[in-house]
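Structure assessment
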Amino acid sequence: CSCVGISKCLPAYCKADTPNASFFDIPVKDLMEATYLGNLMGQKALGILDSTKTKAPSPAAAKLITRIEAVKGAVSRGILSKDEGSSMMSKLFDV
């Protein structure tokens, strides 16, 4: 929790001297603040993820995605061996 700035949760961190620490060791006031911050971060993260859903990949990325899917499909159907598929994938990313 403290890694993302919610140090209020530290009482729940198990250490050598507190091996049985738990969620219930966090004082109520700190727990309320940590919950608020956690929810806020979650909402912001969800907003970021949702905003990426509406953006289509660039034409170059769409072309690459299509080629990757084609190679994967050919391998899964036995048209290409796994080695041939791997070789083709490496060539796709060989810059």
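Residues numbered from 1 in each chain as written. Predicted model: local features only at pLDDT ≥ 70, side-chain atom pairs only at ≥ 80, totals over all residues. Heavy atoms only, no water.

**Some points on the environment of alanine 12**
By the secondary structure assignment, alanine 12 is in the segment before α1 (28–53). Using a relative accessible area of 24% as the deciding quantity, one classes alanine 12 as partly exposed. Through-space distance from the C-alpha of alanine 12 to that of valine 28 is 12 Å; in sequence the pair is 16 residues apart. When neighbours within four sequence positions are excluded, alanine 12 is seen to be in contact with Ala21, Ser22, Phe23 and Ile26. (Helix = DSSP H or I, 4+ residues; strand = E, 2+ residues; numbered from the N terminus. Buried < 20%, exposed > 50% of the residue type's maximum accessible area, 1.4 Å probe, protein only. Contact = heavy atoms within 4.5 Å.)

**Observations concerning the pattern of salt bridges**
The tally for this structure, following the rule as stated, stands at 2 salt bridges. With a shortest N-O distance of 3.7 Å, aspartate 30 and lysine 8 are connected by a salt bridge. On the criterion of sequence distance, the pair formed by aspartate 30 in helix α1 and lysine 8 in the segment before α1 is long-range, its members being 22 residues apart. For lysine 8, a relative accessible area of 27% corresponds to the partly exposed category. Between lysine 8 and glutamate 33 there is a salt bridge, with its nearest N and O atoms 3.7 Å apart. In this pair, lysine 8 sits in the segment before α1 while glutamate 33 sits in helix α1, placing the two residues 25 residues apart along the sequence. Through salt bridges with shared partners, a single network forms among Lys8, Asp30 and Glu33. (Salt bridge = Lys/Arg side-chain N within 4 Å of Asp/Glu carboxyl O.)

**Topic: the packing of aromatic side chains**
All told, the structure shown has 1 aromatic pair when counted by the stated rule. Taking 5.5 Å as the distance between ring centres and 85° as the angle between the ring planes, the aromatic pair formed by phenylalanine 23 and phenylalanine 24 counts as edge-to-face. A residue is classified by how much of its surface remains accessible, and phenylalanine 23, at 47% relative accessible area, is partly exposed. (Phe/Tyr/Trp six-rings, centres within 6.5 Å; stacked < 30°, edge-to-face > 60°.)

**Here we look at the packing of helix α2 (residues 59–76) against helix α3 (residues 82–93)**
When two helices pack together, you describe them by how their axes are tilted relative to each other and by the distance separating the axes. Closest axis-to-axis distance for the α2/α3 pair is 9 Å, and the angle between their directions is 170°. Judged by the inter-axis angle, α2 sits roughly antiparallel to α3. Of the residues in α3, those touching α2 at Leu64, Arg67, Ile68, Val71, Lys72 and Val75 are Lys82, Gly85, Met88, Met89, Leu92 and Phe93. Classifying every residue of the contact of α2 with α3 gives 8 nonpolar, 1 polar and 3 charged. (Axes fitted to C-alpha atoms, helices over the stretch in contact; angles between N-to-C directions. Parallel < 35°, antiparallel > 145°, perpendicular 65-115°, else oblique. Nonpolar A, V, L, I, M, F, W, Y, C, P; charged D, E, K, R; others polar.)

**Overview of the environment of leucine 10**
Positionally, leucine 10 belongs in the segment before α1. You can call leucine 10 partly exposed: its relative accessible area is 40%. Between the C-alpha atom of leucine 10 and that of isoleucine 26, which follows or precedes it by 16 residues, the distance is 7.6 Å.

**Regarding the confidence of the model for the chain**
Per-chain confidence: the chain averages 88 in pLDDT, with 94% of residues scoring 70 or above. At the low end of the mean pLDDT range in the chain sits α1, at 89; at the high end sits α2, at 92. (pLDDT = per-residue confidence, 0-100.)

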